[in-house]
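# Survey of secondary and tertiary structure
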Amino acid sequence: MAALVRLEARLSRLREEYFRKNRSVDEDRKIVYKAAVKIQSWFRGCRVRAYLRYLSKMVILIQKWWRGYQSRRYFRKMIKIQKTWRGYYVRKYTHNYYALKKYLEAISLNNEIVRNELQEYAEMNEKEKKKKDLEKKEKEKKYKARKMHYLLSTEQIAGIYNSPFRKSPDPMELLLRQSKPLSHRQQRVKSPFTYDLYDWPTCKRPPAFPTGEPLPPIGRQKPQGPFRDTAEVLRQRYKPLEPTLRVAASISSPLEKAREEMKREEWIKCIHEHDVLFTEKILIIHSRFLPFSSYHKNKKYELSIHASEKKGKETYGIKHFREVQPNKWIAGKDFQTVLPSIVLFEKFGKTYSRAGQIV
Amino acid sequence: MSQRQVLQVFEQYQRARTHFVQAVAELSSRPQNVGTLRDAGVISLLRPLLLDVVPTIQQTAALALGRLAYFNDDLAEAVVTGDILPPLVCSLSEQNRFYKKAAAFVLRAVGKHSPQLAQAIVECGALEALVICLEDFDPGVKEGAAWALGYIARHNSELSQAVVDAGAVPLLVLCIQEPEIALKRIAASTLSDISKHSPELAQTVVDAGAIAFLAQMILNPDAKLKCQVLSALSQIAKHSVDLAELVVEAEIFPVVLTCLKDSDEYVKKNGATLIREIAKHSPELSQFIVNAGGVAAVIDCIGSCKGTVRLPGIMMLGYVAAHSENLSMAVIVSKGIPPLCACLLEEHEDHIKAAAVWALGQIGRHTPEHARAVAETNVLATLLSMYMDIHSSEDLQLKTKRALKNILQKCTYLPALEPLLHDAPPNILKHIVGQFSKVLPHDTKARCLFVTTGGLKKIQEIKAEPGSLLQEYINTINSCFPEEVVRYYSPGYSDMLLERVENYQPVL
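Reading guide: rules and limits
- Residues numbered from 1 in each chain as written.
- Chains lettered and ligands numbered in written order.
- Predicted model: local features only at pLDDT ≥ 70, side-chain atom pairs only at ≥ 80, totals over all residues.
- Heavy atoms only, no water.
- Helix = DSSP H or I, 4+ residues; strand = E, 2+ residues; numbered from the N terminus.
- Buried < 20%, exposed > 50% of the residue type's maximum accessible area, 1.4 Å probe, protein only.
- Contact = heavy atoms within 4.5 Å.
- Areas by Shrake-Rupley, 256 points an atom, 1.4 Å probe, with all protein chains shown as cover.
- Core = buried A, V, L, I, M, F, W, Y, C linked by side-chain atoms within 4.5 Å.
- pLDDT = per-residue confidence, 0-100.
- Phe/Tyr/Trp six-rings, centres within 6.5 Å; stacked < 30°, edge-to-face > 60°.
- Lys NZ or Arg CZ within 6 Å of the ring centre and 35° of its normal.
- Salt bridge = Lys/Arg side-chain N within 4 Å of Asp/Glu carboxyl O.
- Buried area = accessible area lost by both parts, 1.4 Å probe.
- Polar contact = N/O pair within 3.5 Å; in protein donor to acceptor, adjacent residues only side chain to side chain.
- Nonpolar A, V, L, I, M, F, W, Y, C, P; charged D, E, K, R; others polar.
- Patch = residues over 30% accessible without salt bridge, like charges linked within 9 Å, V, L, I, M, F, W, Y side chains within 5 Å.
- Lys, Arg positive; Asp, Glu negative; His and termini not counted.
- Charge placed at Lys NZ, Arg CZ, Asp CG, Glu CD.
- Disulfide = S-S within 2.5 Å.

Moving on to the overall build of chain B. Along its length, chain B carries 35 helices and zero strands. The buried share of chain B, taken over its 508 residues, is 54%. Summarising the internal contacts of chain B: among those between residues at least 6 apart in sequence, 71% fall at separations of at least 24. Here chain B has roughly 22200 Å² of accessible surface; of this, 54% comes from carbon and sulfur atoms.

Laid out in structure tokens, this is it:
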């Protein structure tokens, strides 16, 4: 019963509540509807987008694969072309067998030529060296022959190189005949500029004029005729003085200067070392050199040797030795020999063949 | 006392001084007297005589000092510590040419012994004075100065740099152009000493225009001059490809080849050194030398010399062959291998043998053709015996091993490999057997020969660990032959047969 009462109480409000509820629902309906639509549309959109993305990925994959395949096919063709080209090129140029062969042959030919030339060069050098040695020996021989000129055989005495038991004279003998005897004057082998103390291992030549050819004058014609080269002449004429050490050294030594000073004084004053007394020195100083001095007037003049002898050729040494005066001889004959003559002296000039001639 | 007596005293003293100084100079020219002189305190006595009034005494004293310092480095040090150098250097610029020569001689004698003494000379400012002497008129003075500079620059690159900084190089190049041969020699040797230390110094020398003059002087007939010139050019060319190319551009080929035929040994050696320094840088330079016929000339040179003179020539062949196989073939075609083999047999020095072995290895390592050319001369047996010889030095053994390996890896010429089977140690044997295993499967005649010459027998006797490379090779070889043959040659086969005979029951 109570429930019924309650229900009846609520009944009056029922209509209003019902109306109110419907109304509120109606009012929200639009919003809710719109919200629902929004949510659904967004969700559908997501799904579609995901699907599209998936689709595009698949497309890319397919295209990728297809393009790769295409280019690989192309690439294989390309390789084939390059392969054939490279093979051809290498065989023709890089590892060209025939060219290599020709090259090696050319090298051996070239080597032969080079070897021959070098051989010739070496031989030429050898020959020159030998020639120089020979010439040196010849020179030495000739010098020796000149020095030993006294060994030449004469008419009477055969020299050691011309024994009579030989068929012909020794070549040395012939050389001796041809050579001129050496004079006593020393051969100037050493150059005047070598100094013993300064034994430099090098530069034995005298210091040269500073090198460099003087330039020829402009526009000058070469003089005709056998004239010497101008540069040479100038060089010779204007060669600077090159004093040796001795000359250079002794000039400035103070001791030498003092010595020279003293000598000069002596010469002027004519002082002699052995005079003791001072006064005598003075007298002598005055006596010699004052002109018209009366000191000399009592001195006797001594004739010189030239003036005191008679003039003419001197007979001493010419006429007094081995003098023969036939008017003083007693007999006309020569002395009689008492002793027997010496056997050896009889043979003089008869033992050997005539000297110098082929027997 | 009269004036004369006073002067007489002075005269006696001067005579005594002159006599003393001349006697000391005479004695010091013999090395055995130097010790006695040093103990007698000669340096301190000569020092005041250097400043004597009379020029002759000064110069003789300087000469004596120079001779003393030349032979003995204690005396040279005493000269430095005795404070003699500064007055010497000062008077170097003032006095006459004889004194300059003597002073330059002293500096040279002191500077030759060690870098420290040379440094002391540099520190007292001698370099500027010496460079001024290089401009003097007298060629003897120039020579003395150049020689002293050369001895100083010889020791190390700092001293060379000091010499170059003093401005010596252009003057030295002028000295080379002078007509006196001795001066040219010394100037060339000084340039060689300067340029040997580093590429920058060599470049300085080249920038002064030295190469053209040096190249002209190769034609000079004087042997010592040629030695020095070739040495200078090789010191320049050794540093880098560019410098070597500059030297080549000076048109030294083919003139340099005539130096290889000179009668003087050292000219030949230096000529070969120059060609070697040029050839080692690049294949193009080696190609150029080969085209100019240089290889033939060097080979003849090797054939005609003995001893260390051959060494640069041998190395040059090795360098040329190392660059490429065409060049190596060119060396072979020019008949390069017989002199190298002869050298191996004749020489006693290990380093020359090592160089020859290295050169042979470089020639033979490129292709089977090259290896065959080397092997045909039967040099492999010599190489093996040198490797096994206990008296060979380590270096020689190492080089021989490498050369053998390189040649064997390419060698297919079996008749040459056969004799080696019997004596080789395991590490070489491996390569030999490997080569056999490569060739035998394809060549029947070789197989027959192999069997008849006892090679197969030897192979069976080799004990190898199973699984090693050697064992694999042996298996390959064994598989080339029928089984009965292999069994026949295996060791102990005759015993096995005898056992079978013993156990056999005759079938009646």
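Here the narrative resumes, following the displayed structure.
Here we come to the overall build of chain A. Scanning chain A from N- to C-terminus turns up nine helices and zero strands. Secondary structure elements of chain A occur, N-terminal to C-terminal, as α-α-α-α-α-α-α-α-α. Counting all 359 residues of chain A, 9% fall into the buried class. Sequence-distant contacts, at least 24 apart, represent 51% of the contacts inside chain A between residues at least 6 apart. Summed over its atoms, the accessible surface of chain A is roughly 35000 Å², and 60% of this surface lies on carbon and sulfur atoms.

Ranked by internal contacts, the top residues of the largest apolar core, which has 185 residues, are L46, L214, I252 and I278 of chain B. Broken down by element, this core gets its largest block of residues, nine residues, from helix 10 (residues 139–153) of chain B. Every residue in contact with I278 of chain B, bar those within four places of it in the chain, is listed here: A237, A244, V247, V248, I252, F253, L285 and I289 of chain B. Of all hydrophobic cores here, the second largest spans five residues; its members include A145, M148, M172 and L176 of chain A.

A few words now on the confidence of the model for chain A. Confidence along chain A averages 77 in pLDDT terms, with 70% of residues attaining 70 or more. Counting interchain partners and residues more than four positions distant, the pLDDT-below-50 stretch residues 191–212 of chain A has 44 contacts.

On to the confidence of the model for chain B, then. Per-residue pLDDT for chain B has a mean of 89; in total, 100% of the residues score no lower than 70. The complex prediction reports pTM at 0.68, with the ipTM value standing at 0.75.

For the rest of this paragraph, the subject is unusual backbone geometry. All names here are of chain B. Look at the link from F253 to P254: it is a cis peptide, with omega at -5°. Relative to the helices and strands, P254 is located in the loop between helix 17 (241–249) and helix 18 (255–259). In the Ramachandran plot, D83 falls in the positive-phi region, its phi being about 65° despite a non-glycine side chain. Considering the arrangement of structural elements, one finds D83 in the loop between helix 5 (73–81) and helix 6 (85–94). For D83, a relative accessible area of 44% corresponds to the partly exposed category. In this model, N378 sits at a positive phi of 60°, which is unusual for a non-glycine residue. For N378, the position within the fold is in the loop between helix 26 (368–376) and helix 27 (379–388). Take N378: its relative accessible area is 58%, and that puts it in the exposed class.

Let us look at the packing of aromatic side chains. Inspection of every chain in the model, using the stated rule, returns 14 aromatic pairs over all chains. Judged by centre distance (6.2 Å) and plane angle (10°), the ring pair of W65 of chain A and Y69 of chain A falls under stacked. With W65 of chain A and Y69 of chain A both in helix 1 (residues 2–94), this residue pair falls four residues apart, about one helical turn. With a relative accessible area of 34%, Y69 of chain A lands in the partly exposed category. For the ring pair Y488 of chain B and Y493 of chain B, a centre distance of 5.9 Å and an interplane angle of 70° mean the geometry is edge-to-face. By relative accessible area, which is 17% here, Y493 of chain B ends up buried. Put simply, the rings of W65, W66 and Y69 of chain A touch in pairs and so form one group of aromatic residues. Residue placement shows R17 of chain B over the ring face of Y13 of chain B; its charged tip is 4.4 Å from the ring centre.

Further remarks concern the pattern of salt bridges. Residues and elements named next belong to chain B. Summed over all chains, the structure comprises 28 salt bridges over all chains. Salt-bridge contacts for K280 lead to E277; the nearest nitrogen and oxygen are separated by 3.2 Å. Between E346 and K306 there is a salt bridge, with the nearest N and O atoms lying 3.7 Å from each other. Pair noted here: E346 is in helix 24 (residues 337–346) and K306 is in the loop between helix 21 (294–304) and helix 22 (311–323), with a separation of 40 residues, a long-range link. For E346, a relative accessible area of 38% corresponds to the partly exposed category. Of the residues examined, K306 reaches a relative accessible area of 53% and is grouped as exposed. Ionic contacts of the salt-bridge type, sharing partners, join the residues K306, R310, E346 and E347 into one network.

All right, on to the interface of chain B and chain A then. Contacts between chain B and chain A engage 49 residues on the former and 40 residues on the latter. Between chain B and chain A lies a buried interface of about 4000 Å² when both sides are counted; carbon and sulfur atoms form 60% of it. Interface area lost by chain B to chain A is led by R4, F98 and K261 of chain B, which between them contribute 16%. The closest approach of N and O atoms between R115 of chain A and D300 of chain B, which form a salt bridge, is 3.1 Å. Here chain B is connected to chain A by eight residue pairs in polar contact (both at pLDDT 80 or more). Looking at the side of chain B that touches chain A, the elements with two or more residues in it are helix 1 (3–28), helix 4 (55–71), helix 7 (97–111), helix 10, helix 18, helix 20 (283–291), helix 21 and helix 23 (325–333) of chain B. Here the side of chain B that touches chain A takes seven residues from helix 1 of chain B, the largest share from any one element. Here the residues of the side of chain B that touches chain A sort into 22 nonpolar, 14 polar and 13 charged.

This paragraph deals with the side chain of S192 of chain B. Residues and elements named next belong to chain B. For S192, the position within the fold is in helix 13 (residues 181–195). Look at S192 and you get buried, because its relative accessible area is 4%. In this structure, S192 is in contact with S231, A232 and Q235, ignoring residues within four places of it in sequence.

Okay, a negative patch on the surface next. Together, E117, E120, E123 and E126 of chain A line one region of the surface with negative charge. Tracing the sequence through the fold places E126 of chain A in helix 2 (residues 97–147).

Residue and element names in this part refer to chain B. Mapped onto the fold, K142 is located in helix 10. On the basis of relative accessibility, which here comes to 8%, the residue K142 falls in the buried class. Residues K142 and I186, 44 residues apart in the sequence, show an inter-C-alpha distance of 9.4 Å. The contacts of K142, once residues within four sequence positions are left out, are C133, L134, D136, F137, C175, E178 and L183.

Take the side chain of N270 of chain B next. All names here are of chain B. Take N270: it is sitting in helix 19 (residues 265–279). Look at N270 and you get buried, because its relative accessible area is 18%. Contact partners of N270, with chain neighbours within four places excluded, come to C227, L230 and S231.

Turning our eyes to something else, we now look at the environment of P419 of chain B. Within the fold, P419 of chain B resides in helix 29 (residues 414–423). Note: C-alpha distance between P419 of chain B and L380 of chain B (39 residues apart in sequence) is 9.3 Å.

What makes a disulfide is a covalent bond joining the sulfur atoms belonging to two cysteines. All names here are of chain B. Per the counting criterion, the structure on display carries zero disulfides over all chains. The closest cysteine sulfur to the non-disulfide-bonded C227 is located on C259, 9.4 Å from its own sulfur. In this structure C227 comes out as buried when scored by relative accessible area, which is 12%.

Next up on the list: helix 26 of chain B. All names here are of chain B. Of the residues making up helix 26, those classed as buried are H370, A371, A373, V374 and A375. Buried residues along helix 26 sit against helix 23, helix 24, helix 25 (350–364), helix 27, helix 28 (394–410) and helix 29. Positive phi appears at N378, one or two residues downstream of helix 26, with a value of about 60°.

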